[in-house]
Amino acid sequence: MVTRSTRSLLAAVAFAGAASLALAACGSGGSGGSQAGSGAGAGSASGGVVTTHDTSALGMVYADSAGNTAYAADQEAGGTISCTAGCLDFWHPVLADSASAAGLPGGAGFGTVKRPDNGQQQVTLKGAPLYTFAEDKKPGDTVGEGFKDAFAGHDFTWHALRTDGSAPAPSPSAGSSSSDSSGGGGYAGY
């Protein structure tokens, strides 16, 4: 026999389950994207899109909401997105919906830009689109620092975004070498 208290308990459990599903859907990033650091796909789009994280290698860096180091490519410093298609298997855009974009730190130069491939809003720092790196396995990793790679005819040099705006120390490239020897110089604008 189902009693009144059993019905109340069942209703509460059903409500909690529905609320959990609704919250999970809100934080999923939409359009089938996965959370940053969880494999191929789009970056984080949940509330508090940009945070900071203290790394052992570089000190304080900007990070996505999961603590994954945020990077920008020298070649995208002007805000033109070139990392599309296969590039996104390694570099995951830090995305923002309209609610989370409103919560970006205003005084630090954060904004958004519309991605040309899917129309999603990608977080920028002083115009440069932000990404996380698939090879960073846990929060605080900075494997992508100084990484050089190329996709679809576009060469990229990636830098972790330090909160103090300082440029990284020169280091050998961890990625494939680029035929473009002009690689540096763009970082100072971040």
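Residues numbered from 1 in each chain as written. Predicted model: local features only at pLDDT ≥ 70, side-chain atom pairs only at ≥ 80, totals over all residues. Heavy atoms only, no water.

1. A look at the pattern of salt bridges
In plain terms, the rule: Here, a salt bridge means any Lys or Arg side-chain nitrogen found within 4 Å of an Asp or Glu carboxyl oxygen. Relative accessibility decides the category of a residue: with a 1.4 Å probe and only protein chains considered, values under 20% of the type maximum give buried, values over 50% give exposed, and everything between is partly exposed.
One pass over the full model with this rule turns up two salt bridges. We note a salt bridge from D117 to R115, for which the minimum N-O separation is 2.8 Å. With relative accessibility at 37%, the residue D117 sits in the partly exposed group. Note on R115: relative accessible area 2%, which makes it buried. In this structure, the salt-bridge partner of D141 is K138, at a minimum N-O distance of 2.9 Å.

2. Here we look at the sheet that holds strand 5 (residues 110-114)
Our working rule: Two strands are counted as paired when DSSP detects at least two bridges linking them. Only DSSP runs of H or I with at least four residues qualify as helices, and only runs of E with at least two residues qualify as strands; both kinds are numbered from the N terminus onward.
Taken in spatial order, the three strands make up an open sheet running 5-6-7, and their pairing is antiparallel. Looking at the sheet topology across the chains shown, the edges are occupied by strand 5 and strand 7 (128-129). Direction of pairing for strand 6 (residues 121-125) relative to strand 7: antiparallel, over a ladder of two bridges. Each bridged residue has a counterpart across the sheet, and for L125 the counterpart in strand 7 is A128.

3. Section: the side chain of Q120
The following threshold applies: We call two N or O atoms a polar contact when they sit within 3.5 Å, provided that within protein one can donate a hydrogen and the other can accept it, with sequence-adjacent residues counted only if both atoms are side-chain atoms.
Structurally, the position occupied by Q120 is in the loop between strand 5 and strand 6. Polar side-chain contacts of Q120 include one of 2.8 Å to the side chain of N118.

4. Observations regarding the side chain of E76
Rules: Counting rule applied: Lys, Arg positive; Asp, Glu negative; His and chain ends not counted. Contact between two residues is taken to exist if any of their heavy atoms lie within 4.5 Å; hydrogens are not considered.
Within the secondary structure layout, E76 lies in the loop between strand 3 (71-73) and strand 4 (91-93). For the buried E76, no salt bridge exists, and the shortest N-O distance to an oppositely charged side chain is 6.0 Å, to R115. Sequence-distant contacts of E76, that is, excluding residues within four places in its chain, are made with I81, S82, C83, G127, A128, P129, Y131 and F156.

5. Considering the nonpolar core
We apply this condition: In these notes, a set of buried Ala, Val, Leu, Ile, Met, Phe, Trp, Tyr and Cys residues joined through side-chain atoms within 4.5 Å is what counts as a nonpolar core.
Ranked by internal contacts, the top residues of the largest apolar core, which has 16 residues, are Y71, C83, C87, W91, Y131, F156 and W158. Of all the secondary structure elements, the ones that give two or more residues to this core are strand 3, strand 8 (131-133) and strand 10 (154-160). With three residues, the single largest contributor to this core is strand 10. Those residues in contact with F156 that sit more than four places away from it in its chain are A73, Q75, E76, S82, C83, C87, F147, K148, D149 and F151.

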